[in-house]
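Chains, contacts and geometry: an overview
These are the residues of each chain, in order.
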Amino acid sequence: MTTDLKKQGPEGSVPPSGPEAIKAIPVRHYGRYVSAVVALAAFAAIIYAFAQGQINWDAIPDYFFDDRIIEGVGQTLLLTVLSMAIGIVGGVLLAVMRLSRNPVTSSIAWFYIWFFRGTPVLVQLFVWFNLGLVFEYINLGPFYKDEWSDFMTPFLTALLGLGLNEAAYMAEICRAGLLAVDEGQTEASHALGMSHGKTLRRIVIPQAMRVIVPPTGNEVINMLKTTSLVAAVQYYELLRNAQDIGQTSGAPVEMLFLAATWYLIMTSVLSVGQYYLERYYARGSSRALPATPWQKVKTHLLSFSSRQGGQA
């Protein structure tokens, strides 16, 4: 006699084919909706207050593409690029000097960084602009000789003041990046017969770029805004030109808002470039790179269209 070990249900019933699917109900975050409403209400109140203020908003689009404003934007970008070039080159040299075993070069780099980081950049601009009180002439022998007041133009003052100050900050950024590379990389390259300079160029610096690039991007954006300080030494960039237009047109506050808008546009473009540059140097540090903003939007659109098609 055989025994049926299968459990039989009630007569006529169909045994279940598998476990019942779990219906996941997402947690509702009511605090997010409340905070969003409060933020929107505060934003609307600020916009309303500015709209009711005694500001001639029509003056902003009238002068937005004025020749003096566009020229000021170009001078601001030019000064940013040249100052950052001086800062990056000087920062790399100072970082290598700071890490050198030679106590003289290391001390010189330390003093430079200490001095330029310890004094405000506006004070440095004024010092460069008024060095004619100390040096009446600049004499480079047979190459160049002139009075200091003619040599130190507003553009050169702005370039030296911003570039040399930036070199002190870039030196610490580059030093942190170089120290982030494992010492075994340097030892292995020396064991292969590579010189110290070639090791820096081919081994250390390429790996350090992953650490150096993000803060350098922040420094570029900060430099773009710091160029507004050179208006104090009579250099005509975006802010100085906007102030002059404001004085002649009778809309000084409106021109400040115009300059702020241009600064926002330029910093936004630089922020996008910084994002993709960081993404480029992050290759190899993580298995999967984060999705770009466009990829995120594309993913959301495709998921939304698939849900709509499923409901239909």
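Just above, that's the structure.
Note that the coordinates shown come from a computational prediction; the quantities given were computed from them, not determined experimentally. (Residues numbered from 1 in each chain as written. Predicted model: local features only at pLDDT ≥ 70, side-chain atom pairs only at ≥ 80, totals over all residues. Heavy atoms only, no water.)

1. Points about the overall build of the protein
Our working rule: Only DSSP runs of H or I covering at least 4 residues are called helices, and only runs of E covering at least 2 are called strands; the numbering of each starts at the N terminus.
Within the protein, the secondary structure is distributed over 12 helices and two strands. Helices (α) and strands (β) of the protein occur, in sequence order from the N terminus, as α-α-α-α-α-β-β-α-α-α-α-α-α-α.

2. Some points on helix α10 (residues 238-249)
Rules: Expected span of a helix, by definition, is 1.5 Å for each gap between consecutive residues, and there is one gap fewer than residues. Summary of the burial criterion: residues with accessible area below 20% of their type's maximum are buried, those above 50% are exposed, and those between are partly exposed, where the area comes from a 1.4 Å probe applied to protein chains only. The criterion used for residue contact is that any of the two residues' heavy atoms lie within 4.5 Å. Two N or O atoms count as a polar contact when they lie within 3.5 Å, although within protein this holds only if one can serve as hydrogen donor and the other as acceptor, and sequence-adjacent residues are included solely when both atoms are side-chain atoms.
Taking 1.5 Å per residue as the helical rise, α10 with its 12 residues ought to reach 16 Å, and the 16 Å between its terminal C-alpha atoms agrees with that figure. Buried within α10 we find L238, L239, R240, N241, A242, I245 and G246. In this fold, the buried residues of α10 make contact with α2 (59-63), α3 (67-98) and α11 (252-281). Measuring from the backbone nitrogen of L239 back to the side-chain oxygen at the start of α10 gives 3.0 Å, which picks out E237 as the cap. Following α10 by one or two positions, G250 adopts a phi angle in the positive range, close to 75 degrees.

3. Examining the packing of α3 against helix α7 (residues 154-180)
Heads up, the rule is: Axes, fitted as lines to C-alpha atoms, cover a helix only where it is in contact. Angles between the N-to-C directions of the axes lie from 0 to 180 degrees. Roughly parallel here means an angle under 35 degrees, roughly antiparallel means over 145, roughly perpendicular means 65 to 115, and every remaining angle is called oblique. When the near helix sits turned anticlockwise from the far one by under a right angle, the crossing is termed left-handed; a clockwise turn instead gives a right-handed crossing. Residue type decides the class: Asp, Glu, Lys and Arg count as charged, Ala, Val, Leu, Ile, Met, Phe, Trp, Tyr, Cys and Pro as nonpolar, and the leftover types, Gly among them, as polar.
Between α3 and α7, whose axes approach to 5 Å, the crossing angle comes to 45 degrees. As far as their axial angle goes, α7 and α3 are oblique. Pair α3 / α7 crosses with right-handed handedness. For the contact of α3 with α7, the per-class residue count stands at 18 nonpolar, five polar and four charged.

4. Structural notes on the packing of α3 against α10
Their axes nearest at 7 Å, the elements α3 and α10 cross at an angle of 160 degrees. What the angle tells us is that α3 and α10 run roughly antiparallel. In the packing of α3 onto α10, the handedness of the crossing is right-handed. Mapping the contact onto sequence places R68, I69, E71, G72, V73 and T76 in α3 and L238, N241, A242, I245 and T248 in α10. Here the residues of the contact of α3 with α10 are counted per class, giving five nonpolar, four polar and two charged.

5. Here's the deal with unusual backbone geometry
Working note: non-glycine residues mostly have negative phi, and peptide bonds are mostly trans. Positive phi values are uncommon outside glycine, yet Q234 reaches one of about 70 degrees. Checked against the element boundaries, Q234 lands in the loop between α9 (196-226) and α10. On the basis of relative accessible area, Q234 is assigned to the partly exposed category, the value being 39%.

6. Section: the packing of aromatic side chains
Aromatic ring pairs are reported here in terms of the distance separating the ring centres and the angle at which the planes meet. Note the following rule: Stacked, edge-to-face and tilted labels apply to pairs of Phe, Tyr and Trp rings (six-membered ring for Trp) whose centres lie within 6.5 Å, assigned for plane angles under 30 degrees, over 60, and everything in between, in that order. As a reminder, the over-ring test applies to NZ of lysine and CZ of arginine, requiring each to be within 6 Å of the ring centre and within 35 degrees of the ring normal.
In this structure the tally under the stated criterion is 12 aromatic pairs. Centroid distance F65 to W262: 6.2 Å. Interplanar angle 90 degrees. Geometry classified as edge-to-face. In this pair, F65 sits in the loop between α2 and α3 while W262 sits in helix α11, placing the two residues 197 residues apart along the sequence. Accessibility expressed as a relative area gives 61% for F65, which makes it exposed. Judged by relative accessible area, W262 falls into the buried class, the value being 11%. Each member of the aromatic cluster is reached from another via a ring pair, and the members are W110, F111, Y112, W114, F115 and F116. Directly above the aromatic system of Y236 lies the positively charged group of R240, at a separation of 4.8 Å from the ring centroid.

7. Describing α11
Helix length check: α11, at 30 residues, gives a terminal C-alpha distance of 43 Å against a target of 44 Å (1.5 Å per residue), a fit within 8%. Of the residues making up α11, those classed as buried are E254, M255, L258, A259, W262, Y263, M266, T267 and Q274. Residues of α11 that are buried sit in contact with α2, α3, α9 and α10.

8. A short note on a nonpolar patch on the surface
Basically, it comes down to this: Patch definition: residues above 30% relative accessible area lacking any salt bridge, with like charges linked at up to 9 Å and the nonpolar side chains Val, Leu, Ile, Met, Phe, Trp and Tyr linked at up to 5 Å. Values of accessible area rely on a 1.4 Å probe in the Shrake-Rupley scheme; residue burial ignores everything except the protein chains shown. Whenever Lys or Arg places a side-chain nitrogen within 4 Å of a carboxyl oxygen from Asp or Glu, that contact is recorded as a salt bridge.
On the surface, a cluster of nonpolar side chains totalling about 480 Å² of accessible area is made up of W110, F111, W114 and F115. In this fold, W110 is placed in helix α4 (residues 103-118). Given a relative accessible area of 46%, W110 falls into the partly exposed group.

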